[in-house]
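Notes for the structure review
So you can see what is in the structure, the chains are spelled out below.
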Amino acid sequence: MLITREELAAIKQQAVAEYPNECCGVILVRGAERRHVPCRNVQDQMHARDPITFSRTARNAYYMDPIDALKLNRLADEGFAFGVIYHSHPNAGAYFSETDRGQALIRGEPAYPGAVYVVVSVVGSEVKALAAYRWNVERRVFERADAGDLDPAEPAVSRRLLAAAERRIPGGVNSPVRAFRSVGGEPRFVARAEGARLWDADGRAYVDFVGSWGPLVLGHAPRAVVQAVTAAAAGGTSYGAPTRQEVELAEAIAAAYPSMELLRLVSSGTEAAMSAIRVARGATGRDLLVKFDGCYHGHADSLLVKAGSGGATFGIPDSRGVPAVLAALTLTLPFNDLDAVGELFRQRGEEIAALIVEPVAGNMGVVAPAPGFLAGLREITAQHGALLIFDEVITGFRVAYGGAQELYGVRPDLTCLGKIIGGGLPVGAYGGRRDVMDHVAPLGGVYQAGTLSGNPLAVAAGLATLRALEDRKGYARLEALGARLERGLHDAAGKAGVPFTINRVGSMLTGFFCAGPVRDYADAKTADVARYARFYHGMLERGVYLAPSQFEAAFVSLAHGDDDLDHAARAAADAMAAVV
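Residues numbered from 1 in each chain as written. Predicted model: local features only at pLDDT ≥ 70, side-chain atom pairs only at ≥ 80, totals over all residues. Heavy atoms only, no water.

Cis rather than trans, the peptide bond between Ala 441 and Pro 442 has omega equal to 15°. Take Pro 442: it is sitting in the loop between helix 13 (434–437) and helix 14 (456–469). The linkage connecting Gly 516 with the following residue, Pro 517, adopts the cis geometry, with an omega of 0°. Tracing the sequence through the fold places Pro 517 in the loop between strand 22 (508–512) and helix 16 (521–524). Of note in this structure, Ser 125 is not a glycine but carries a positive phi near 65°. Judged by its relative accessible area of 38%, Ser 125 falls in the partly exposed class. Here the phi dihedral of Arg 472 falls at roughly 65°; this positive angle occurs in a residue that is not glycine. (Helix = DSSP H or I, 4+ residues; strand = E, 2+ residues; numbered from the N terminus. Buried < 20%, exposed > 50% of the residue type's maximum accessible area, 1.4 Å probe, protein only.)

Take the sheet that holds strand 3 (residues 81–90) next. Pairing is mixed across the open sheet formed by 6 strands, whose spatial order is 2-1-3-6-7-8. Only two strands of the sheet have a single neighbouring strand rather than two, namely strand 2 (33–39) and strand 8 (141–144). Neighbouring strand axes in the sheet, compared pairwise and without regard to direction, differ in orientation by 25° on average. The strands touched by helix 1 (residues 5–18) within the sheet are strand 1 (24–30), strand 2, strand 3, strand 6 (116–123) and strand 7 (126–136), with strand 2 carrying the most contacts at an inclination of about 5°. Its contacts with the sheet put helix 3 (residues 66–77) on strand 1, strand 2 and strand 3, and the angle it makes with strand 2 is roughly 165°. (Pairing = 2+ DSSP bridges. Axes fitted to C-alpha atoms, helices over the stretch in contact; angles between N-to-C directions. Contact = heavy atoms within 4.5 Å.)

Now for the packing of helix 7 (residues 244–256) against helix 14. One can describe the packing of helix 7 onto helix 14 by two numbers: an axis separation of 9 Å at closest approach and a directional angle of 35°. Remark: the crossing between helix 7 and helix 14 carries left-handed chirality. Residue-level contacts link Gln 245, Glu 246, Glu 248, Leu 249, Ala 252 and Ile 253 of helix 7 to Val 459, Gly 462, Leu 463, Leu 466 and Arg 467 of helix 14. Looking at the contact of helix 7 with helix 14 residue by residue, the classes come out as 6 nonpolar, 2 polar and 3 charged. (Left-handed = near helix turned anticlockwise from the far one by under 90°. Nonpolar A, V, L, I, M, F, W, Y, C, P; charged D, E, K, R; others polar.)

With that settled, consider helix 3. Residues spaced three or four apart along an α-helix face the same direction, because each turn holds 3.6 residues. When the terminal C-alpha atoms of helix 3 are compared, their 17 Å separation across 12 residues agrees well with the 16 Å that a helix rising 1.5 Å per residue should span. For helix 3, the set of buried residues is Asp 68, Leu 72 and Leu 75. Viewed along the axis of helix 3, the buried residues span an arc of 60°, placing them on a single side of the element. More than 90 degrees from the buried face of helix 3, the exposed residues found are Pro 66, Ile 67, Arg 74 and Asp 77. In this structure, the buried side of helix 3 is in contact with strand 1, strand 2 and strand 3. The distance from a side-chain oxygen at the start of helix 3 to the backbone nitrogen of Ile 67 is 3.0 Å, and the residue carrying that oxygen is Asp 65. (Expected span 1.5 Å × (residues − 1). Arc of directions from axis to C-beta. Polar contact = N/O pair within 3.5 Å; in protein donor to acceptor, adjacent residues only side chain to side chain.)

If you trace the backbone, Leu 425 turns up in the loop between strand 19 (414–417) and strand 20 (428–432). Linking Leu 425 and Ala 458, residues 33 residues apart in sequence, is a C-alpha distance of 5.1 Å.

Taking 1.5 Å of rise per residue, 13 residues should cover 18 Å, and helix 7 covers 19 Å from first to last C-alpha, within 8% of that figure. Residues of helix 7 that are buried: Glu 246, Leu 249, Ile 253 and Ala 256. The buried residues of helix 7 occupy an angular sector of 90° when projected down its axis, which confines them to one face. Exposed residues pointing more than 90 degrees away from the buried face of helix 7 are listed as Arg 244, Glu 251 and Ala 255. Buried residues along helix 7 sit against strand 12 (262–266), strand 19 and helix 14.

Listed below in structure tokens is the structure:
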């Protein structure tokens, strides 16, 4: 037994009472005796007295009342040991953070080796999740001590699965945003999906506006895609050799994207962007890359950087493991700031190999290009002999059949695709002008390869999806569905009196909890992420599945119906009213 039902109830009550501040306490044990000592957080008072010493940082979010510390010391003198140490994470998940770990260790060793650390996630004055962690002496890490059953009042299959996952998978997830760290609580493990809905491992149904982060434009498990994948699997799952179907997919992509005179299939959008950059550098003989703050192009080393203090003078690694010397080759500018682009190219244009951009940003939330922005990028890069790369991994076949370059009438030198061209299976593609792509091996000296590139299952799913879209009739329907969802969210925020800005391009949109407008990453970061977290859980409880981050897009699909959008609007009205 880690904690009793009575202790759990008291801990949850304390965590809610002290929200939005952290709470903390200790359960001490001596034989069969147990003493619960809730501790008072006096950080606010200490900060008011001495704001420099007691600054408001993650590490200083909690300062124990000295009277409580004295009480704990007296109990320790009487032979009590620290059995459980608990604290809350306001508006965050029930995970053991680096800060938690640092505070639990003294010179690399646990201060209380036998203690179990319980973390409580509180969002919007409600406890969303609990988890327990214990020091593993052999592995020298804190790992889950519960099996997802810490809360005996609410056993959940997803919780048990998360506890099991955390023992083998970093954070219990295979992609960070799935961990719910931005919104608090615990992720739902999905059991199945069909059409516009998915069901979690506990049997709860949700109207899905994530759509596997964009590729499911036809919805979950569309009949044509399932049949195509089934037929392909019957003939073998991988060959490592050319196939007729991959040629057909390449032809279909080139027909929709005239800028892609030659293209290469790969296995992900990250791989497509990484390869396109290598080709650009190889073709131009230059090293520098320009990207925009808030635009995400996958996790390749060259792209995980943020702007330096000089705006666009040098890159700083945005992830550990990225060498500073490599990050320095990536320059970052504000999205939609054409003047900044022009000035950078005037200073360093002869060194720049390429500029890469999401023509419609989707990873700072949806942000559309300002009028003339993309055309201006085309003109500036051409003038200085640099290549223009459109990362259409999200927008490709989403905002139009020919993507953003069709929608805005701007033709890049290279294009990166993913998501929809795989119909829900892992696939990507990069391509562009013939003279540029002639540099790719085996024609040229830029090497790129992949054992699973052109995988027959992914190609079959992609072909089935593109064939369902090629008459372009579905795009009017997607526009109407996107507009209906936008109206529902707008009306809900208006009734609740909540500052709210919606950016939408076709069937992808983001609602930012700020007054707006949102034109770049700096604007996006003014959004109230704590309020989004409360709204997110309100929607989840009402059967609507959104992205667990303020800075992601929502997607509608052709499987959504008017009833689904109306349900989302009603849920939003209730959830908005609750977050005021």
